[in-house]
Amino acid sequence: MNTESPEGRPQADEQGTEQGDAHGVWSEDMELAPVHPGDREPGDTSGDRQGERLQKVLARAGVGSRRVCEDMIAEGRISVNGRQILEQGLRVDPQTDQIAVDGQRLDVRNDRVTYAMNKPFGVVTTMKDDRGRPSVGEMVGDLAAGLVHVGRLDQDTEGLLLLTTDGELAHRLAHPSYEVPKTYLAQVSGSVPRDLGKRLRHGIELDDGPVAVDSFTLKDTHAGQSVVEIVLHEGRKHIVRRLLAEVGLPVSRLTRTAVGPIELARMRSGSLRRLNRTEVGALHELVGL
Ligand code: URA
């Protein structure tokens, strides 16, 4: 945002410095998440010093006509980098400024896309499989150049997988230090002890260190099988299967139903949908972008 400072420099928030790994190790999820591919530093408006008028950026993002966007500014519904904007004609940098409508972040850039996929059972999370197995890359085809998957799901795990051309977003969503919550539904064999939620929230020791869940809910029990929902914020390999096996509940079916604020909802197996600007904005906000 150019707030007409004497130097004419934007006042974008300084965020996004590289963070350390909270667990001292990199998750398997990091393998395909490129770091900072060509993204500009926040506030770097080189080549675009004056920025663009806020109402034009909002209109191009589909918020409404320029006139409608001007009215929304006048009504105090728009903020830039956390500051409510009431004056017309403010110049912003869509690459770096954080724009919110009615308090909800909006991704106003047009050069990046993010998709949700309901990955089917049996599909390998890789953009190209040397062994010729069905892969996520094969499923997306040439949908968008530079698309990478955000973290991984096991071949036998179904459910929500995000894919994006935004390298920094992919990096942060997958990195354990950003602690992005992921929700799983697991079908397990055996009956679930009453104190299991408490034990899982407290933490269970695995071969490669302890793991604790953010929440645990018993959803259903029938004929020796139970369905449990687990929310946890890490991405170690096979973490849900290993955790539940450790407490005597082998997993027979595993589905990821949410990543942060993005839900699988009613997506059909194998389908893809492009996330809208509010959803992408919410992901950015979650990881401090
Ligand atoms: N935990 C697992 O065990 N498998 C996955 O695919 C994801 C989390």
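Report follows, based on the coordinates. All values derive from a computational prediction rather than experimental measurement. (Residues numbered from 1 in each chain as written. Predicted model: local features only at pLDDT ≥ 70, side-chain atom pairs only at ≥ 80, totals over all residues.)

So, on to the environment of V227. The topology assignment puts V227 in strand β14 (residues 225-232). The class for V227 is partly exposed, based on 17 C-beta atoms found within 10 Å. Residues V227 and R253 lie 26 residues apart in sequence; the distance between their C-alpha atoms is 9.2 Å. Setting aside anything within four residues of it in sequence, one finds V227 in contact with L185, Q187, K219 and D220. (Helix = DSSP H or I, 4+ residues; strand = E, 2+ residues; numbered from the N terminus. Buried ≥ 20, exposed ≤ 12 C-beta atoms within 10 Å, placed from the backbone. Contact = placed C-beta atoms within 7 Å.)

Take the site of the ligand next. Neighbouring the ligand are the residues L153, D154, T157, H238, I239, V240, R241 and L254. The leading source of residues in the shell around the ligand is helix α6 (residues 239-246), at three residues. For the shell around the ligand, the residue count by class is four nonpolar, two polar and two charged. (Near = placed C-beta within 6 Å. Nonpolar A, V, L, I, M, F, W, Y, C, P; charged D, E, K, R; others polar.)

Let's shift gears to the pairing of strand β10 (residues 182-189). Of all eight residues that make up β10, six are buried, and the element is covered over most of its length. Bridging between β10 and strand β15 (residues 251-259) involves seven bridges; their strand directions are antiparallel. In the sheet register, K182 faces β15, and the bridge partner there is V259. (Pairing = 2+ DSSP bridges.)

Moving on, we get to the environment of Q84. Tracing the backbone through its elements, the reader meets Q84 in strand β3 (residues 83-84). Classification of Q84 as exposed rests on a count of 12 C-beta atoms within 10 Å. When the C-alpha positions of Q84 and I99 are compared, they lie 9.8 Å apart, and in sequence the two are 15 residues distant. Other than its neighbours up to four places away in sequence, Q84 contacts G76 and S79.

With that settled, consider the sheet that holds strand β5 (residues 99-101). The sheet built from four strands is open, its strands ordered β3-β2-β5-β6 with antiparallel pairing. Single-partner strands in this sheet number two, and they are β3 and β6 (104-106). Inspection of the sheet shows strand β2 (residues 78-80) paired to β3 by two bridges, in the antiparallel sense. Along β3, the bridge assignment pairs S79 with Q84.

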